[in-house]
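Now for the letters of each chain:
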Amino acid sequence: MTMAATETPEPKTETASAATPAAKPEDAPPPRRASWGRRLMRDRAAVAALGTLAIICLAALFAPLLATHDPYVNTRSVMTPPAWQTGGDIAYLLGTDGQGRDIFSRLLYGARLTLLIGLISVGLGGFVGSMIGLLSAFYPKIDAWLMRFMDMLLSFPAILLGLALVAVMGQGAVPVIIALAISSVPDCARIARGIASGVMKMEFIEAGRAVGLSDAALFRRYLLRNCISSIMIFISLRFGQVILIGAALSFLGLGARPPLAELGMMASQGRDFLLFAPHIAVIPSVAIFVIVLAANVAGDALRDVLDPRLQT
Amino acid sequence: MKVSTRTRNRLGLGAALAVSLPALASAQTVTILRQQDSNKYDPPAITALSGSEVLFMMGDTLVALNEDMQTIEPLLAKSWDVSEDGKTYTFHIKEGVKFCDGKPMTAEDIAYSINRWISPELKSGVAWRAGDVKEVVALDDYTLKYELNAPYSELLYQLAQSFGTVVDKENVEALGADFGVTGFNGTGPFCWESWDPRNEMVLTKHEGYNWGPPMYGEGAAKVDKVIWKIVPEESTRTVALLTGQGDVSYYVPYIGLGKLRSMPNIEVVRSDAAFWTNYIGFKIDKPGVSDPAVREAINLAVNREAMAEDMFFSEVDPAYSYVSKGALDYNAEVDAHLIKYDPDAAVKVLEDAGWMLNADGVREKDGVTLEPVIYTFTGEWAKTSEAVQADLLKVGINMQIQPYDATVIWGKLATQEFDMYTMGFPYVSTGDALNLYFRSANIPSPNRMNWDDPETDKLLADAAAATTDEKRASDYGDVLLKVQKAAVWLPIYEKPMQVAYVKNMAPIKPHNIYGAGLYKGLQLAFTD
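Residues numbered from 1 in each chain as written. Chains lettered and ligands numbered in written order. Predicted model: local features only at pLDDT ≥ 70, side-chain atom pairs only at ≥ 80, totals over all residues. Heavy atoms only, no water.

### Looking at the sheet that holds strand S18 (residues 373-377) of chain B
Residue and element names in this part refer to chain B.
Next, step 1: Overall, mixed pairing links the 6 strands, which are arranged S14-S21-S13-S20-S18-S19 in an open sheet. Of all the strands in the sheet, the pair left with one neighbour each is strand S14 (317-318) and strand S19 (400-404).
Next, step 2: Examined bridge by bridge, S18 and S19 share 5 bridges and lie parallel to one another. Counterpart to Thr-376 in the pairing with S19 is Pro-403.
Next, step 3: This element, helix H8 (residues 292-301), spans strand S13 (276-282), strand S20 (420-426) and strand S21 (489-494) of the sheet and lies at about 25 degrees to S21. (Pairing = 2+ DSSP bridges. Helix = DSSP H or I, 4+ residues; strand = E, 2+ residues; numbered from the N terminus. Contact = heavy atoms within 4.5 Å. Axes fitted to C-alpha atoms, helices over the stretch in contact; angles between N-to-C directions.)

Here is the structure:
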């Protein structure tokens, strides 16, 4: 995180691109750098992670079509083991939970809610955080104030914040999203500020000022555009963490209200059956593991190919 | 974390060695596993089972209750006389009873304890249980006069509860707000040694104790130490019993009982006279659930038999009546009004009452949609609520679950915010249960239904003042029939008392008083 504060990203303006080696057409064909997409494809782990994420996202998106059962309807066949185990039933691919609900269907709906909570809170926290970071880099006067405030926020663990919010607002997805969003704000703000203060030192900012651009235009056209890709990479890295904390909060009974399926909550409900029907807790836990791992590997790979600091 | 000597022996030597070296187990410590702690151990201030179960061991009451839940046995009082009009009880107190610190206990201490229980300053939520007291005074060191303004047929049963546990005035005044937190000087079979909140409570044997109830025979406790160990996690409690980290527990999850029964080193005993009912109550003045048809339909729609079998592994009995049929003063007429599972009938009842499905598949009438909010405990109750929710959805009622942690829910349940709530409660008799929940004076809590009915109040007062068993039974029976017909509750299940213990302990006969399965702890003993 602190490294980002010293980086000098490549400004994506006319003047800047003219300075790249490709600007000398007479020379021998320069060693053309492969596009970032190609470089990403060469990284097998990244491809696997992105593929997994894509499959999970699609499965979650089309949960109502893929689900074999209604995830909220209970049946008399409780604690059925997965189909491949003895006593399993092919109708319940991954078995049923303690209330006789199909785990496969609940997993699809659960992944949907888990991903949604992750996306919304990261999006919200990322947006607010990067705006704060960019503004504090742009206006040095408020810099110290904003950053000390961020330090304060940083000292609140997300879990504690979630507990407090749930105590006030009652159990539900909303307090969890708010808690996760707030916990994402300071990290994003610091990263954004680091990137932005590098950009603020560039000549084109000074040039913009010299030609009399307004603050708003300078901010939007010069600063934001040059920072956004790096910030997005950081946010994508944050996604995995947020999913994990969200699942932890759900596991503690702070997440979505029953009967909604949520992966952390499913794991938590299965905990009581751990000795007798481990699949009820294990399956959603594995799902969380896979999602978080895929999100982290994919985020890392994206940073490797997109982060300007690592390109040179 | 402290580990008992016994446990350490077992862990260190392993099962094989421990069996061959019984002499090492001479430090007789019983570890009792339970789910949660109490916030303090002050008899009249604590109404939770987690407080009562320890207080029964640390202190004594005037009288004791037999395992049959009917017979009153002598405890601190060796005998008692009741006046003709049923208003004056004269208790003859045993001599030679001593507090844990060695001080002799007299009738004065009992009078102090009972007057403290009902004193307005203490604001005990259970003061009403002591009856409409005129005065409680010690006539001499060994005679206590308990005078009431009106006869109270339940008195002896209530005096057997932990709220009237005899405390030591000096101890109470010396400790002040820390009474029951840093110490407790009682006359029970065990004495307070140390308390590490939310971890363990250590009690040591009260040497010289020989005034226990007759059902446990003579003499002091048969073990040197009792450790009440908190193990919040259900599965962990099961495993702790299996691996010998605990010796006895009546907090075994239903799912684990089958497994424990199959183990050669564990014994599980059961008593059906437990008188513990789990129910869901309706706030009868809230839109939607104020309609008796809706409440009846909910009773029809929820498959409690399936829940008892699938979620509680047939370890509990589905409940349809508000109190167990075995309870004192149960009215057999109620049997004809029990509402059993019939989802088709539920739909019919709702439609006849004008509740029709709207576009979202939820029933609606005059702008009110059937989306009652239920406040529930987390854990087992949240699961129960989920099953109820799923059943109700099938008939077009979209119940909204709002789970709260045990630390905040009691405050929430005293409000008027919810439409339904979950609760489990122990009782000694029909009257005990009805007085607790249906007196209008008990609104908003524990009468969370807002059941405000002058006829009920009158019948309850008459029953309490009844001087004959028949009159009392008939008055309580009338109230039970009335509330049962009004469907103000959805009874879920009746919980039998099941105690699991390791086989090298002497056989345990479960008690049911207030849900405290080991009662005085006088039968705890090791056979090796």
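### Looking at the state of the cysteines
Next, step 1: Summed over the entire model, instances satisfying the criterion amount to 1 disulfide over all chains.
Next, step 2: The disulfide bridge from Cys100(B) ends at Cys191(B), spanning 1.9 Å between sulfur atoms. Measuring the twist about the S-S bond at about -90 degrees, one finds the Cys100(B)-Cys191(B) disulfide to be left-handed. Highlighted residues: Cys100(B) in the loop between strand S5 (88-93) and helix H3 (107-118) and Cys191(B) in strand S8 (residues 190-196), separated in sequence by 91 residues.
Next, step 3: What makes Cys191(B) buried here is its relative accessible area of 10%.
Next, step 4: Free cysteine: Cys188(A), not disulfide-bonded; nearest cysteine sulfur from Cys227(A) at 13 Å. (Disulfide = S-S within 2.5 Å. Buried < 20%, exposed > 50% of the residue type's maximum accessible area, 1.4 Å probe, protein only.)

### Some remarks on the pairing of strand S10 (residues 225-230) of chain B
Residues and elements named next belong to chain B.
Next, step 1: In terms of residue burial, S10 counts as a mostly covered element, since 5 of its 6 residues are buried.
Next, step 2: In this structure, strand S1 (residues 29-34) lies alongside S10, joined through 6 bridges in parallel fashion. From the neighbouring strand, Leu-33 faces S10, where its bridge partner is Lys-229.
Next, step 3: Of the pairings in the sheet, the one linking strand S9 (residues 200-205) to S10 comprises 5 bridges and is antiparallel in character.

### Topic: the UniProt feature "domain: ABC transmembrane type-1" (unreviewed entry) in chain A
Next, step 1: Listed under "domain: ABC transmembrane type-1" (unreviewed entry) in the UniProt record, and renumbered for this structure, are residues 111-299 of chain A.
Next, step 2: As annotated, residues 111-299 of chain A has a helix share of 83% and a strand share of 0%, and its two end C-alpha atoms lie 19 Å apart. (UniProt positions renumbered as here; feature names shortened; annotations may be inferred.)

### Digging into a negative patch on the surface
Next, step 1: Together, Glu95(B), Glu108(B), Asp140(B) and Asp141(B) make up a region of like negative charge exposed at the surface.
Next, step 2: With respect to the helices and strands, Asp140(B) occurs in strand S6 (residues 133-140). (Patch = residues over 30% accessible without salt bridge, like charges linked within 9 Å, V, L, I, M, F, W, Y side chains within 5 Å. Areas by Shrake-Rupley, 256 points an atom, 1.4 Å probe, with all protein chains shown as cover. Salt bridge = Lys/Arg side-chain N within 4 Å of Asp/Glu carboxyl O. Lys, Arg positive; Asp, Glu negative; His and termini not counted. Charge placed at Lys NZ, Arg CZ, Asp CG, Glu CD.)

### A short note on the packing of aromatic side chains
Next, step 1: All chains considered together, the criterion is met by 36 aromatic pairs over all chains.
Next, step 2: Each ring, one from Phe138(A) and one from Tyr139(A), has its centre 5.0 Å from the other, and the planes form 85 degrees; the classification is edge-to-face.
Next, step 3: Note on Tyr139(A): relative accessible area 34%, which makes it partly exposed.
Next, step 4: Between the NZ or CZ atom of Lys103(B) and the centre of the ring of Phe99(B), over which it lies, the distance is 5.7 Å. (Phe/Tyr/Trp six-rings, centres within 6.5 Å; stacked < 30°, edge-to-face > 60°. Lys NZ or Arg CZ within 6 Å of the ring centre and 35° of its normal.)

### Re the UniProt feature "transmembrane region" (unreviewed entry) in chain A
Residues and elements named next belong to chain A.
Next, step 1: Within this structure's numbering, the places UniProt gives as "transmembrane region" (unreviewed entry) are residues 45-67, 115-139, 159-182, 228-252 and 273-298.
Next, step 2: As annotated, residues 228-252 has a helix share of 96% and a strand share of 0%, and its two end C-alpha atoms lie 35 Å apart.
Next, step 3: The span residues 273-298 is 77% helical and 0% strand by assignment, and the distance between its end C-alpha atoms comes to 34 Å.

### Observations regarding the interface of chain B and chain A
Next, step 1: With 25 residues of chain B in contact, the opposing surface of chain A contributes 22 residues.
Next, step 2: Both sides of the chain B and chain A interface together cover about 2100 Å² of buried area, and 51% of this is carbon and sulfur.
Next, step 3: Summed over the three residues of chain B that lose the most area to chain A, namely Ile255(B), Asp310(B) and Glu386(B), the buried surface amounts to 27% of that side.
Next, step 4: At the surface where chain B touches chain A, the tally comes to 5 salt bridges. (Buried area = accessible area lost by both parts, 1.4 Å probe.)

### Some points on the sheet that holds strand S4 (residues 77-82) of chain B
Residue and element names in this part refer to chain B.
Next, step 1: Read from one edge of the open sheet, 4 strands run S4-S5-S7-S6, paired in antiparallel fashion. Looking along the sheet, the strands with just one partner apiece sit at the ends: S4 and S6. Taken pair by pair, the neighbouring strands of this sheet meet at an average axis angle of 20 degrees, ignoring direction.
Next, step 2: Looking at chain direction, S5 and strand S7 (residues 143-148) are connected through 5 bridges and run antiparallel. Across the sheet, Phe-91 pairs through a bridge with Leu-144, a residue of S7.
Next, step 3: Its contacts with the sheet place H3 against S5, S6 and S7, and it is angled at close to 165 degrees to S6.

### Re a nonpolar patch on the surface
Next, step 1: On the surface, Leu274(A), Val282(A), Val286(A), Phe289(A), Val290(A) and Leu293(A) cluster together to form a nonpolar patch covering roughly 510 Å² of accessible area.
Next, step 2: Here Leu274(A) lies in the loop between helix H11 (263-270) and helix H12 (279-306).

### Focus on the side chain of Thr165(B)
Residues and elements named next belong to chain B.
Next, step 1: Mapped onto the elements, Thr-165 comes out in the loop between helix H4 (155-159) and helix H5 (169-175).
Next, step 2: We classify Thr-165 as buried; its relative accessible area is 2%.
Next, step 3: The contacts of Thr-165, once residues within four sequence positions are left out, are Pro-43, Leu-55, Gly-59, Asp-60, Thr-61, Ser-113 and Phe-184.

### With respect to the pattern of salt bridges
Residue and element names in this part refer to chain B.
Next, step 1: Applying the stated criterion to the full structure yields 40 salt bridges over all chains.
Next, step 2: Here Glu-315 ties to Arg-261 by a salt bridge, and the two come within 2.7 Å at their closest N and O atoms. Here Glu-315, found in the loop between helix H9 (304-310) and S14, pairs with Arg-261, found in helix H7 (residues 254-262); they are 54 residues apart in sequence, far enough to count as distant.
Next, step 3: Classification of Glu-315 by relative accessible area gives buried; the value is 5%.

### With respect to the domain arrangement of chain B
All names here are of chain B.
Next, step 1: Once the domains are mapped, chain B shows domain 1 (29-271 + 498-515) and domain 2 (276-494).
Next, step 2: Between the C-alpha centres of domain 1 and domain 2 there is a distance of 30 Å.
Next, step 3: Tallying the contact residues gives 24 residues for domain 1 and 27 residues for domain 2.
Next, step 4: Here domain 1 packs against domain 2, burying approximately 2100 Å² in sum over the two surfaces, 54% of which is carbon and sulfur.
Next, step 5: The largest share of the area that domain 1 buries against domain 2 comes from Trp-128, Glu-154 and Tyr-254, three residues that together contribute 33% of it.
Next, step 6: For the interface between domain 1 and domain 2, the tally reads 3 salt bridges.
Next, step 7: In this structure, the connection of domain 1 to domain 2 is made through 10 residue pairs in polar contact (both at pLDDT 80 or more).
Next, step 8: For the side of domain 1 that touches domain 2, the secondary-structure elements that each account for two or more residues are H4 and H7. (Domains from an automatic or database assignment. Polar contact = N/O pair within 3.5 Å; in protein donor to acceptor, adjacent residues only side chain to side chain.)

### As for the packing of helix H6 (residues 234-242) of chain B against H7(B)
Pairs of packed helices are described in terms of their axes, by the angle between the two and the distance that separates them.
Residues and elements named next belong to chain B.
Next, step 1: Contact geometry for H6 and H7: axes closest at 9 Å, N-to-C directions at 15 degrees. Regarding the angle of H6 to H7, the classification is roughly parallel. H6 and H7 meet at a crossing whose hand is right-handed. The residues of H7 that touch H6, namely those facing Thr-238, Leu-241 and Leu-242, are Gly-256, Lys-259 and Leu-260.
Next, step 2: Looking at the contact of H6 with H7 residue by residue, the classes come out as 3 nonpolar, 2 polar and 1 charged. (Parallel < 35°, antiparallel > 145°, perpendicular 65-115°, else oblique. Left-handed = near helix turned anticlockwise from the far one by under 90°. Nonpolar A, V, L, I, M, F, W, Y, C, P; charged D, E, K, R; others polar.)

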